[in-house]
Amino acid sequence: MAAASPLLSLLLLLLLLPLPATNAIYCDEDDCYDLLGLKQDANASEIKKAYYKLSLKHHPDKNPDPESRKLFVKIANAYEILKDESTREQYDYAIAHPEEVFYNTAQYYRAYYGHKTDPRAVLIGLLLIVSAFQYINQLTRYNQAIESVKQTPAYRNRLKALEFERTGGIASKKKGHKQVDKKVEEEVSNEVELQIHGVEKPSVWRLYGVQFILLPYSIGKLLTWEICWFWRYWVKKLPYAWEDACYLTQTSLKIPASTWKNIDESRKEDLVTRRLWEKGNMERYIAETRKESKRRR
């Protein structure tokens, strides 16, 4: 509770501080109409005439006085606000509703900076940022998985076995022995990286930004695959090819592609020949799996 007190005090202080007038964000502390010597009901023609009249008097080319230069900047800003119908409406609303600070401020920045920003640039920037965070996250998880596997007894045993195989069973005490150990460990690491389940090695092709760019190609490829599948197996009634049968088996078992890839080939062949994509075969397989599990207990 004590730790929350400073934060609570800060929030109360912010609430008690006087908020600036929302019309001040347009022409600072001045009134845009007053700067042009106009009333609020002035029409577009009157606004234009007033600006040109004042610009002849205060333009830096006509009047070198520094104070006149500052005034001209204010006059030009007021004219930019009042000559546009939408920004003038927003300014009039801010004058009539000064209590709506956040709304008026948001409207101002949206009018002046929203149209200057290309939505395509915003989208590209957002995709780059998200993709960078995505890649860093994937790389961190992958490295953590590698380090976790390296701490397992199986990894250490494999390291010793490979070292034993390299040295012919003779433990070397030479200076270069540590370098050999490093080479052996790197070789084992490369083998272990392929056996990690649940975590895939980071790839640029899986980033959201790249996938978004390749979206038209991916959609076209998917549609082509669907059409070929329908023609081959629904219209012509051909037997399933090995890769397609593997795909059906994998989806029927609801396992990721990485897990299916690491299954032994003989096991894959057994699962495919069972035709598990057919409901009856899948039910029999589940029943057999449960019986086998109970028997082992």
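Conventions used here
- Residues numbered from 1 in each chain as written.
- Predicted model: local features only at pLDDT ≥ 70, side-chain atom pairs only at ≥ 80, totals over all residues.
- Heavy atoms only, no water.
- UniProt positions renumbered as here; feature names shortened; annotations may be inferred.
- Helix = DSSP H or I, 4+ residues; strand = E, 2+ residues; numbered from the N terminus.
- Buried < 20%, exposed > 50% of the residue type's maximum accessible area, 1.4 Å probe, protein only.
- Contact = heavy atoms within 4.5 Å.
- Areas by Shrake-Rupley, 256 points an atom, 1.4 Å probe, with all protein chains shown as cover.
- Patch = residues over 30% accessible without salt bridge, like charges linked within 9 Å, V, L, I, M, F, W, Y side chains within 5 Å.
- Salt bridge = Lys/Arg side-chain N within 4 Å of Asp/Glu carboxyl O.
- Phe/Tyr/Trp six-rings, centres within 6.5 Å; stacked < 30°, edge-to-face > 60°.
- Disulfide = S-S within 2.5 Å.
- Expected span 1.5 Å × (residues − 1).
- Core = buried A, V, L, I, M, F, W, Y, C linked by side-chain atoms within 4.5 Å.
- pLDDT = per-residue confidence, 0-100.

In the annotation of an unreviewed UniProt entry, the chain is listed under the name J domain-containing protein and assigned to Urochloa decumbens. Its UniProt record gives the chain a comment under Function (unreviewed entry), which states: "May play a role in protein folding in the endoplasmic reticulum." Per UniProt, the chain carries the Subcellular location (unreviewed entry) text "Endoplasmic reticulum membrane".

Novice: Would you mind showing me how to read the overall build of the chain here?
Specialist: The helix and strand tally for the chain stands at 16 helices and zero strands. Burial statistics for the chain: of 297 residues in total, 25% are counted as buried. Counting contacts in the chain only where the partners sit at least 6 residues apart, residues at least 24 apart contribute 59% of the total. Surface exposure of the chain reaches about 22,500 Å², of which carbon and sulfur atoms provide 60%.

Novice: How should the environment of Y142 be read in this particular structure?
Specialist: Mapped onto the elements of the fold, Y142 is located in helix α8 (residues 119-150). In the structure, Y142 is positioned 59 residues away from K201 in sequence and 6.2 Å away in space, judged by C-alpha atoms.

Novice: Please clarify how a nonpolar patch on the surface should be interpreted in this entry.
Specialist: A cluster of nonpolar side chains, namely L123, F212, I213, L215, I219, L223 and I227, defines an oily patch on the protein surface of about 690 Å² accessible area. Residue assignment for the nonpolar patch shows that the elements contributing at least two residues are α11 (208-213) and α12 (215-235). Top contributing element to the nonpolar patch by residue count: α12, with four residues. Position of L123 relative to the elements: it lies in helix α8. On the basis of relative accessibility, which here comes to 38%, the residue L123 falls in the partly exposed class.

Novice: Just checking my understanding: could you explain the packing of aromatic side chains for this structure?
Specialist: The geometry of an aromatic ring pair is captured by the separation of the ring centres together with the interplanar angle, meaning the angle of the planes. By the definition in use, this model includes twelve aromatic pairs. Ring geometry for W229 against Y233: centres 4.8 Å apart, planes inclined by 70 degrees, an arrangement best described as edge-to-face. With W229 and Y233 both in helix α12 and four residues apart, the pair spans about one turn of that helix. Residue W229 is classed as buried on the basis of its relative accessible area, which comes to 13%.

Novice: Would you mind going over the state of the cysteines with me for this structure?
Specialist: Working definition of a disulfide: a covalent bond connecting the sulfur atoms of two cysteines. Applying the stated criterion to the full structure yields one disulfide. Paired by a disulfide, C27 and C32 hold their sulfur atoms 2.0 Å apart. Handedness here is read from the sign of the S-S torsion; for C27 and C32, about 105 degrees, the answer is right-handed. A relative accessible area of 5% places C27 in the buried class.

Novice: Looking at this model, I keep getting lost on helix α5 (residues 66-83). Mind explaining?
Specialist: Owing to its 3.6 residues per turn, the α-helix aligns residues three or four sequence positions apart on the same side. The end-to-end C-alpha distance of α5 is 26 Å, a good match for the 26 Å that 18 residues give at a rise of 1.5 Å each. Every buried residue of α5 is listed here: S68, F72, I75, A76, A78, Y79, I81 and L82.

Novice: Can you help me understand the nonpolar core in this one?
Specialist: What tends to happen in soluble globular proteins is that the nonpolar side chains get buried as a cluster. With 22 residues, the main nonpolar core has C32, L36 and L82 as its most contacted residues. The set of elements that each furnish at least two residues to this core consists of α2 (24-27), α3 (32-35), α4 (44-58), α5 and α6 (85-96).

Novice: In this structure, what is going on with the confidence of the model for the chain? I would like to understand it.
Specialist: Interpretation of the predicted coordinates at a detailed level should be avoided for regions scoring low in pLDDT. The predicted model of the chain has a mean per-residue pLDDT of 80, with 77% of residues at 70 or higher. pLDDT under 50 marks residues 172-177. Its contacts with residues more than four places away, or in other chains, come to two contacts.

Novice: What should I look at first to understand the pattern of salt bridges in this one?
Specialist: As a working rule, side chains carrying opposite charge can pair if their charged atoms are close by. Using the criterion set out here, one finds ten salt bridges in the structure. In this structure, the salt-bridge partner of R232 is D244, at a minimum N-O distance of 3.6 Å. Placement of R232 in helix α12 and of D244 in helix α13 (residues 242-253) is noted, with a sequence separation of twelve residues between them. It is possible to trace a salt-bridge network through shared partners that takes in R267, D270, R274 and E288.

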